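Examination of the molecular architecture
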Amino acid sequence: MTQDELKQAVALAAIDYITPKLTRDSVIGVGTGSTAKYFIDGLANLKGEFAGAVASSEASAQQLEKLGIEVYELNQVSELLVYVDGADESNDQLELIKGGGAALTREKIVTAVSREFVCIADESKWVKVLGDFPLPVEVIPMARSYVARELVKMGGNPVYREGVVTDNDCVILDVHGLKMVDPRKWESDINQIAGVVTNGLFARRGADVLLLGTADGVKTIKPKY
């Protein structure tokens, strides 16, 4: 199977996974990126089975609206039934790197409000140790150079993602060269740098379940504790 076919397979698996959980008044969280786009397309067949969705990016909100699915602001809801989104990397603890699509801050906020986080990814995202994919860090623009210097002190090689402005009017530094054996500590330490909005480690609140697309079919993986 091609990578796109694997993404489509896990998106359909996520539709099957959430369908029995839906109620007419439930609101779900929807992520950002190529795999999430396939999931949003699949939601068109569930219209009327749930109230609507909160999107983690403007692009996803527009896709939902085009399908006739009501989009809520997060401040309108107290809890989301489930959040479905992709990842750039996952380990066997379901600690993730996210943010390749520059929506990491909103994704982290939506994750925090969700009862369950379902991650959907193809097998190329499965790793033993996080860090092959450069870690995105969202930064307030005036602090970009300072944050970059601090990340160098931590052993990283930060690269400014030129031409990218997030939905929060911030910028992204992609940090290369990190091998994060203790992702929770890395997440906390990087977030303590003044000027960092957040970073793309989803370790303190990782996924509750991973639907992983493989050549042998979609595997359902829970964290190993």
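Attention here is on the structure that accompanies the text. Because the structure is a prediction, the values reported are computed rather than measured.

**Section: the overall build of the protein chain**
When helices and strands are counted, the protein chain shows six helices and 13 strands. Over its C-alpha trace the protein chain gives a radius of gyration of 17 Å, about what one expects of a compact globule, namely 17 Å for 225 residues. By principal-axis analysis of the C-alpha atoms, the protein chain measures approximately 50 × 40 × 30 Å. Looking at the protein chain as a whole, 54% of its 225 residues qualify as buried.

**Quick look at the sheet that holds strand β2 (residues 52–55)**
An order of β2-β1-β3-β6-β12-β13 is seen for the six strands of this open sheet, with the pairing classed as mixed. Because the sheet does not close on itself, it has two edges, and the strands there are β2 and β13 (217–221). Along the sheet, successive strands turn relative to each other by an average axial angle of 20°, direction set aside. Here four bridges tie strand β1 (residues 27–30) to β2, and the two strands are oriented parallel to one another. Note on β2: the bridge partner recorded for Gly29 is Val54. Running over the sheet, helix α4 (residues 104–113) touches β1, β2, β3 (83–85) and β6 (117–122) and is turned about 145° from β3.

**Quick look at the nonpolar core**
Considering soluble globular proteins, one finds that nonpolar side chains tend to be buried as a cluster. Counting 26 residues, the largest nonpolar core has Ile18, Ile28, Val30, Phe39, Leu43, Leu64 and Val84 as its most contacted members. Those elements that provide at least two residues to this core are α1 (3–18), β1, α2 (34–43), β2, α3 (58–66), β6 and β12 (209–214). The contact partners of Phe39, leaving out residues within four places of it in the chain, are Ala11, Ala14, Ile15, Ile18, Ile28, Val30, Val84 and Ile120. Counting residues in hydrophobic clusters, the runner-up holds 20 residues, among them Ile97, Val127, Ala148 and Leu178.

**Let's talk about the pairing of β2**
Alternating residues of β2 divide into Gly52 and Val54 and Ala53 and Ala55, and every residue in both groups is buried. A crossover connection joins β1 to the parallel β2 through α2; in handedness this β-α-β unit is right-handed.

**Structural notes on a nonpolar patch on the surface**
A contiguous nonpolar surface patch, about 310 Å² in accessible area, is contributed by Ile140, Met142 and Val197. With respect to the helices, strands and loops of the structure, Ile140 is situated in the loop between β7 (135–139) and α5 (144–153). Residue classification places Ile140 among the partly exposed positions, given a relative accessible area of 40%.

**Some words on the sheet that holds strand β5 (residues 96–97)**
Taken in spatial order, the three strands line up as β4-β5-β11 in an open sheet, and their pairing is antiparallel. Each edge of the sheet is formed by a strand with only one pairing partner; in this case those strands are β4 (89–90) and β11 (201–202). In terms of strand pairing, β4 meets β5 through two bridges, oriented antiparallel. Across the sheet, residue Ser90 finds its bridge partner in β5, namely Leu96.

**Focus: α3**
Within α3 the residues assigned to the buried category are Ser60, Ala61, Gln63 and Leu64. For α3, the arc enclosing every buried residue in end-on projection is 160°, short of the 170-degree limit, so these residues lie on one face. The exposed residues of α3 that point more than 90 degrees off its buried face are Ala59 and Lys66. Just downstream of α3 lies Gly68, where phi reads positive at about 80°.

Conventions used here
The written sequence of each chain sets the order in which its residues are numbered from 1. A pLDDT threshold of at least 70 governs which residues receive local features in this predicted model, and a stricter bar of 80 or more applies before side-chain atom pairs are shown or counted, although totals over entire chains, interfaces and linings include all residues. Calculation of side-chain values draws on the structure's entire complement of heavy atoms; hydrogens and water are dropped beforehand. For the purposes of this entry, the term helix denotes a DSSP run of H or I that reaches at least four residues, the term strand denotes a run of E that reaches at least two, and both are numbered from the N terminus. When we talk radius of gyration, it's over C-alpha atoms, and the globule rule is simply 2.2 Å times the number of residues to the 0.38. When accessible area is computed with a 1.4 Å probe and restricted to protein chains, residues below 20% of their type maximum are described as buried, those above 50% as exposed, and intermediate ones as partly exposed. A pair of strands counts as paired when DSSP detects no fewer than two bridges linking them. For helices, the axis comes from a line fit to the C-alpha atoms of the stretch in contact; other axes are also lines fit to C-alpha atoms, and the angle between any two N-to-C directions lies between 0 and 180 degrees. Residue contacts are defined here by distance: any two heavy atoms, one from each residue, within 4.5 Å place the two residues in contact. For the purposes of this section, nonpolar cores are sets of buried Ala, Val, Leu, Ile, Met, Phe, Trp, Tyr and Cys residues that join through side-chain atoms within 4.5 Å. Note on handedness: a crossover is taken as right-handed if, strands pointing away from the viewer, the path from the first strand over the helix to the second is clockwise. Put simply, a patch holds well-exposed residues, over 30% relative accessible area, that have no salt bridge, with like charges counted together within 9 Å and Val, Leu, Ile, Met, Phe, Trp or Tyr side chains within 5 Å. Per-residue and other accessible areas follow the Shrake-Rupley method at a 1.4 Å probe size, with only the shown protein chains counted as cover for residues. Only one rule defines a salt bridge in this text: a Lys or Arg side-chain nitrogen within 4 Å of an Asp or Glu carboxyl oxygen. The directions from the helix axis to the C-beta atoms form the arc being described.

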